[in-house]
Amino acid sequence: MRKFNFAMAFVAGAIIFSGCTLGKMIKLAADQDLQVTPNPLEVHGGAVPFQISAVLPPKMLPTGKVYTINTIYQYGDQEIAVGSIEFKAEDFPNSSSSTSRKSGDFSIPYQDGMNPGTLYVEGVAKDPRSGKSKTSPRMAVAQGLVMTSSFAKPVTFSSYADHGYNDKEELVPTKVDFFFAQGVATLNPSLSFDGNSNRSKSNDLAAFIAEKNVTRTVTITGTHSPEGTERINSGLSENRAKAIESFYRKQMKRYDYKGMADSIKFILKPVVEDWSGLKVALVSYEGISDDQKAAISRIINGNGSFEEKEKELQKLPAYKTLLDKVYPGLRTAKTEILTVKPKKSNAQIAVLAKQIANGSISADTLTTSELLFAATLTPSLDEKAGIYKAATKSGAWEAHNNLGAVYLEQAAKAEGADKTKLVQDAITQLEIAKNKSKSAKVSANMAAAYVMQGEYAQALTSIGDAEAASPSNTTASNVKGMKGAIQVMNGQYEEANASFASSAKSPTVTFDSGLAQLLSGNYDGAKSTLGEVATNEKLGAEANYLIAVASARQNNAADVASSLKAAVSKDPALKDKALNDLEFTNYADAVAQAVK
C-alpha cells in the first residue's frame, strides 16, 4: 500500500515538474526568432504562399518535450488554421546548448475579402507523456496582403480561318501546240500528229481569241526535232514561233481587238539543239522497248556534241521509229496564253453578300470562299456575323469557326447576360467546327471562349490542343498571348515572360507582360513595357500605378510620386488603393504628394 502511495506521489511530482518545464518553454518562446518571407504576404496564382523560418533559443527543448508553432490567418470574422512547424527534442540533441532551427512552407488559398488580414503564430509546449500542454499568446507576424498580382487581365484573340479567296489578279494559262512538217516553218492546217490536227487547234484558238479574254502574255516556244535537216536550219524554231504569232495577230485583227492588242505581250522562245523534248516524249511513247529507250538515253545523256549524239542515234535499230513516230511531235510551236481570270469586283461581292445575309437572293449567288471573303470587307461585327451565318449553310468548318470568332469579338464588348449568351453561341459554333476539322484555329477560339467564362484550366487544355495542331504563325501568336495571361494569373511569371516573347500584340498583352516582368523582379523592364500603354485610355491608369510599384521596389520615391500622380489623374478611384497598398508602406510622403 505504501508502495502505491509512493508511486502516486512520484506521478504527481512529475506532473508538477512537467508543468513548470512547459511554462519555462513558453517563457523562452519570447526569445524565439521568427522570419516570415515575404512580409507582408503576397497573393500569387490564387494563393498566398509564404515561408516561416523559426530559430529557438538554447534550453527551450528539454528532453522528451515538443514545441509546435501554429500559424493562423484571421480576416474579418474568419479564421484559417494554416499549418504548423513541430520541434521534437529528440530531433535536436544539442538543444540545451545551441539554437534549434526549422522552417516550413505554407500556402493559403486566396478568397475575396481576405485583405486586410493578419497572420498570427502561437506556440504550444507539450509533454507527450503526460499529455499536458501550454499555449503562448498569439503573436502577429505579418499584416495585410500585397495584391499587385491581381492586376492581371485575361487576354483573348479571335482566330479566323482563311476564306480561300484571292481578290488579286490571277492569270489562267491556256496551252495550244501546233505541228510543223519537217524543215518547214509554215503553219499547215491539214497537218496532224497522234490524232491531233492543226485545223482543230487553230479553230479552237480562233474561238478563244474571239472571246476577247483579257490577255497579258502569249508565250510561243518554237522547237525542232534532232535530225540534221531540222538542226542545221538555225532559224527554224524561231520562224515556227513567228508563224503562230502571225496567226494570232491576224485573228485579233479579225475580231477587232483595237487597243487591246497593244497590251498583249508576245514572248518568242526558240529552242535549238535541246534534248528535253525527246526525253519527255520517250517516257510516254510505247512503240519502243525499254531496252531501246535505255540505249537512246545513254547516248543523249552521254558525252559529245549535239550533232555527234544525233549521228549515234542514227545507228540504232530503233532510229527509224524515232524518225517516223517520235520526231514529228517535236516539230512544234508550243503556245501558252495567260489570261486574266474573270472575277466579281470587291464592291459587287460586298453587295451580294449583304443580300444573301438578309435573304433577298440565293446563297449560291456567291461561292463559299467569296462569301467568307465578303465578311472581311465590312468593319461591322453585326454584318460579319450575318454573312458568316449565311455561309454556315454550306457546312464549311471555316464558316462555323469564323462565326464563333465574331461572337467572341462581340462578347468582348458586351456585359452581363448579353456577354454570357454570346460566349455560349460562340462555343456552339466552335463545337460544330471542331467536329468537322481539328484545326488549331478552332481550338484557339475555344480557349478564348473558356477564358471569357473564367474556365482557365479548360482554356489551357484547348491551348494545348491548338499548339499540337501545327498552328499558323498568326494562330500560334494568338495562343501565346492567351497562355501568357493565364500564366500570370497562375503566378508563373517566368513562363509568362517566355510566352509573351512570341505573342500577338495588343494593349492588354503589353500590360500583362509588364506585370509579369514586375512580379519576376525585372523592374526596369516592367517600367519600360508598361510605359508603352501608360497613355492607353483603358489601361493607362493601372499601367502608371504599376510603374509606381516598380519604382517603390527600386526605392525611387520621386518616381513613385510622379507615377502615382499620373495614375490618380486618370482614375481617381486609385487614390484609396494607393493609400492602403502595402507596396507603398515606406513611401507615405510620396503617396500623400501624389493623391492630394
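Residues numbered from 1 in each chain as written. Predicted model: local features only at pLDDT ≥ 70, side-chain atom pairs only at ≥ 80, totals over all residues. Heavy atoms only, no water.

*Asks:* Can you walk me through helix 2 (residues 198–210) in this structure?
*Replies:* Every α-helix carries 3.6 residues per turn, so stepping three or four residues along brings you back to the same face. With 13 residues, helix 2 extends 18 Å from end C-alpha to end C-alpha; this agrees with the ideal 18 Å at 1.5 Å per step. Taken as a whole, helix 2 has its buried residues at N198, K201, S202, L205, A206, F208 and I209. Down the axis of helix 2, the sector holding all buried residues measures 160°, keeping them to one side. Contacts made by the buried residues of helix 2 are with strand 11 (171–179), strand 13 (196–197), helix 4 (236–254) and strand 16 (332–340). With its phi angle positive at about 55°, K212 sits one or two positions after the end of helix 2. (Helix = DSSP H or I, 4+ residues; strand = E, 2+ residues; numbered from the N terminus. Expected span 1.5 Å × (residues − 1). Buried < 20%, exposed > 50% of the residue type's maximum accessible area, 1.4 Å probe, protein only. Arc of directions from axis to C-beta. Contact = heavy atoms within 4.5 Å.)

*Asks:* Looking at this structure, I do not really get the sheet that holds strand 16. What am I missing?
*Replies:* The strands making up a sheet associate through backbone hydrogen bonding, with each pair oriented either parallel or antiparallel. Strand order in the open sheet made by the 4 strands is 11-16-14-15, with mixed pairing throughout. Only two strands of the sheet have a single neighbouring strand rather than two, namely strand 11 and strand 15 (265–270). Each strand axis lies, on average, 15° off the axis of its neighbour in the sheet, ignoring direction. Two elements, strand 14 (residues 215–222) and strand 15, share 6 bridges in a ladder whose sense is parallel. When the bridges of strand 15 are listed, T217 appears paired with K265. Along the sheet, helix 2 makes contact with strand 11 and strand 16, crossing strand 11 at roughly 150°. (Pairing = 2+ DSSP bridges. Axes fitted to C-alpha atoms, helices over the stretch in contact; angles between N-to-C directions.)

*Asks:* Honestly, the environment of T367 in this entry has me stumped. Any pointers?
*Replies:* One can find T367 in the loop between helix 9 (346–357) and helix 10 (368–375). Taking the C-alpha atoms as reference points, T367 and Y545, separated by 178 residues in sequence, lie 52 Å from one another.

*Asks:* Please clarify how the packing of helix 14 (residues 440–452) against helix 15 (residues 456–468) should be interpreted in this entry.
*Replies:* When two helices pack together, you describe them by how their axes are tilted relative to each other and by the distance separating the axes. Where helix 14 contacts helix 15, the axes come no closer than 8 Å and their chain directions differ by 170°. Compared by their axis directions, helix 14 and helix 15 come out roughly antiparallel. Of the residues in helix 15, those in contact with A440, S443, A444, M446, A447, Y450 and V451 of helix 14 are Y456, Q458, A459, S462, I463, D465 and A466. (Parallel < 35°, antiparallel > 145°, perpendicular 65-115°, else oblique.)

*Asks:* Explain the pairing of strand 5 (residues 78–88) to me, please; I cannot follow it from the model alone.
*Replies:* Where strand 4 (residues 66–75) and strand 5 come together, 10 bridges link them in antiparallel fashion. Bridge pairing in strand 5 places V66 opposite K88.

*Asks:* Help me out: how do you make sense of the layout of surface pockets in this one?
*Replies:* Think of a ball as big as a water molecule: rolled over the atoms, this probe shows where empty space is left. A volume near 720 Å³ is recorded for the largest pocket. Taken together, 25 residues form the lining of the largest pocket, with P154, T156, A412, M452 and T508 sitting closest to its centre. For the lining of the largest pocket, the leading source of residues is helix 12 (residues 397–412), giving 3 residues. Of the residues that constitute the lining of the largest pocket, the class distribution is 12 nonpolar, 6 polar and 7 charged. Approximately 600 Å³ is the volume attributed to the second largest pocket. At the level of secondary structure, the elements contributing two or more residues to the lining of the second largest pocket comprise strand 11, helix 5 (276–284), helix 8 (319–326) and strand 16. (1 Å grid on protein atoms, 1.4 Å probe; cavity = no way out; pocket = protein on both sides within 12 Å on 5 of 7 lines; lining within 4 Å. Points joined across faces, edges and corners; volume = space filled by probe spheres on them. Nonpolar A, V, L, I, M, F, W, Y, C, P; charged D, E, K, R; others polar.)

*Asks:* Where do I start with the pattern of salt bridges in this structure?
*Replies:* Where charged atoms of side chains with opposite charge meet at close range, the side chains can pair. Here the structure, examined in full by the defined rule, presents 27 salt bridges. One salt bridge connects D127 with K65, and the closest N-O pair in it is separated by 3.8 Å. Of this pair, D127 sits in the loop between strand 7 (118–126) and strand 8 (133–135) while K65 sits in the loop between strand 3 (47–56) and strand 4, placing them 62 residues apart in sequence. Accessibility expressed as a relative area gives 4% for D127, which makes it buried. Among the charged side chains, a network of salt bridges with common partners joins E227, E230, R240 and R331. (Salt bridge = Lys/Arg side-chain N within 4 Å of Asp/Glu carboxyl O.)

*Asks:* Would you mind going over the packing of aromatic side chains with me for this structure?
*Replies:* The description of two aromatic rings rests on the distance between their centres and on the angle between their planes. This structure, assessed with the given rule, holds 12 aromatic pairs. Both rings, one in F179 and one in F193, keep their centres 5.5 Å apart while their planes meet at 55°; by these two values the pair is tilted. Residue F179 is located in strand 11, and its partner F193 is located in strand 12 (residues 192–193); the two are separated by 14 residues in the primary sequence. What makes F179 buried here is its relative accessible area of 8%. When its relative accessible area of 21% is taken as the criterion, F193 is described as partly exposed. Summarising the aromatic geometry, the rings of Y248 and F266 are spaced 5.4 Å apart at their centres and angled 80° between planes, so their arrangement reads as edge-to-face. Taken together, the residues span a long stretch of sequence, with Y248 in helix 4 and F266 in strand 15 at a distance of 18 residues. Note on accessibility: Y248 and F266 belong to one class, buried. Feature note: the residues F151, Y545 and F584 constitute an aromatic cluster, connected by ring pairs. One Lys or Arg, K343, reaches over the ring of Y165 and ends 5.6 Å from the middle of that ring. (Phe/Tyr/Trp six-rings, centres within 6.5 Å; stacked < 30°, edge-to-face > 60°. Lys NZ or Arg CZ within 6 Å of the ring centre and 35° of its normal.)

*Asks:* Is there a simple way to think about the confidence of the model for the chain in this case?
*Replies:* Low pLDDT means the predicted atomic positions in that stretch should not be read closely. Of all residues in the chain, 97% attain a pLDDT of 70 or more, and the chain-wide mean is 92. Note that residues 1–17 has pLDDT below 50 and, in this model, 1 contact with residues that lie over four places away or in other chains. (pLDDT = per-residue confidence, 0-100.)

*Asks:* Just checking my understanding: could you explain the sheet that holds strand 1 (residues 33–37) for this structure?
*Replies:* One open sheet accounts for 3 strands, arranged 1-3-6; its pairing is antiparallel. Each edge of the sheet is formed by a strand with only one pairing partner; in this case those strands are strand 1 and strand 6 (100–109). Direction aside, the axes of adjacent strands within the sheet are offset by 20° on average. As defined by bridge partners, strand 1 adjoins strand 3 across 5 bridges and the pair is classed as antiparallel. Each residue of the ladder has a partner; that of V36, found in strand 3, is I52.

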